[in-house]
Amino acid sequence: MAAETINSAPDAAGLAAMISRAAEQSGDQNRGLPPVTKWNPPFCGDLDMEIRADGTWFYMGTPIGRAPLVRLFSTVLRMDEDGRTYLVTPVEKVGIRVVDAPFVAVEMQVGERDGAPLITFRTNVGDVVDVDTDHPLRFETVGEERQLKPYVLVRGRLEALVSRAMMYELVALGETVTIDGSEMFAVRSGGEVFPVMRADELERLSS
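Numbers given to residues run from 1 along each chain, matching the order in which its sequence is written. Only residues with pLDDT of at least 70 are given local features in this predicted model, and only at 80 or more are side-chain atom pairs given and counted; all residues enter the totals for whole chains, interfaces and linings. With hydrogens and water set aside, each side-chain value is computed from the structure's full complement of heavy atoms.

## Brief notes about the sheet that holds strand β5 (residues 85-88)
Within a sheet, adjacent strands bond to each other through the backbone by hydrogen bonds, running parallel or antiparallel. Between any two strands, at least two bridges found by DSSP are needed for them to pair. Secondary structure elements follow DSSP: runs of H or I of four or more residues count as helices, runs of E of two or more count as strands, with numbering from the N terminus. If you trace the 6 strands from one edge of the open sheet to the other, you get β3-β2-β1-β6-β5-β4, paired in mixed fashion. Two strands lie at the open edges of the sheet, namely β3 (62-63) and β4 (77-79), each paired on one side alone. When strand β1 (residues 43-51) meets strand β6 (residues 93-98), the two strands line up parallel, connected through 4 bridges. Residue pairing for β6: glutamate 50 is matched across the bridge by arginine 97.

Below, the structure is given as structure tokens:
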């Protein structure tokens, strides 16, 4: 009988069952997120899995419609130093494709912590993160139209893209501050200041 491997899974449900069994064998089940950063399994090739820019997961060309399966897969994601994203179990590591970011921030709350502003995001796979030193915001401007794309670090090297609709809410919280002698448009959260772009560039884009 052939050895059971991630690449041999016939569908998303079968893949989820294999990952669950691997976690059970490691003794790490039911303890929150699996300790994927501590696992060092061999690389076993690439898997026909893709996370689209809108956060939709596909396996073998078919969208994964069941949220519990997507959530399970998201808990064993890891981005390594090579910049690639993998599904990792105690016994296997397989590469997957990520079009933009592995997660999408779909809900934002604005509150306070220790009297200072605090922004909290919820991702499409259920992670909740406060924007602070451990979960920083970064901003990119892409394309000819200089589209602004914010990202928040969720865990490890894995980020969530802030959805475009929410991006406007986020930018509305910004203010002009001086950073290293330059006037920057920035967002405050968790006692940190996260630069968005130069204030004069924002003025040009807004005109």
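Text resumes after the structure shown.
## So, the sheet that holds strand β12 (residues 158-162)
Judged by pairing direction, the sheet is mixed, and its 6 strands sit side by side in the order β9-β8-β7-β12-β11-β10 without closing on themselves. Looking at the sheet topology across the chains shown, the edges are occupied by β9 (128-130) and β10 (137-142). The mean angle between the axes of side-by-side strands here comes to 40°, regardless of whether they run parallel or antiparallel. Two elements, strand β8 (residues 116-123) and β9, share 3 bridges in a ladder whose sense is antiparallel. Think of each axis as a best-fit line through the C-alpha atoms, taken over the contacting stretch in the case of a helix, with angles from 0 to 180 degrees between the N-to-C directions.

## A word on the packing of aromatic side chains
Whether two aromatic rings pair depends on their centres lying within 6.5 Å, for rings of Phe, Tyr and Trp, where Trp uses its six-membered ring; planes under 30 degrees apart make the pair stacked, over 60 edge-to-face, and the rest tilted. Summed over the entire model, instances satisfying the criterion amount to 2 aromatic pairs. Between phenylalanine 43 and tyrosine 86, the ring centres sit 6.0 Å apart and the planes meet at 80°, which makes this aromatic pair edge-to-face. In this pair, phenylalanine 43 is assigned in strand β1 and tyrosine 86 in strand β5, connecting sequence segments 43 residues apart. Throughout this description, buried means an accessible area under 20% of the type-specific maximum (1.4 Å probe, protein chains only), exposed means over 50%, and partly exposed covers the range between. Take phenylalanine 43: its relative accessible area is 44%, and that puts it in the partly exposed class. Overall, tyrosine 86 belongs to the buried group, its relative accessible area being 4%. Between the aromatic rings of tryptophan 57 and phenylalanine 73, the centroid separation amounts to 6.3 Å while the plane-to-plane angle is 25°, which identifies the pairing as stacked.

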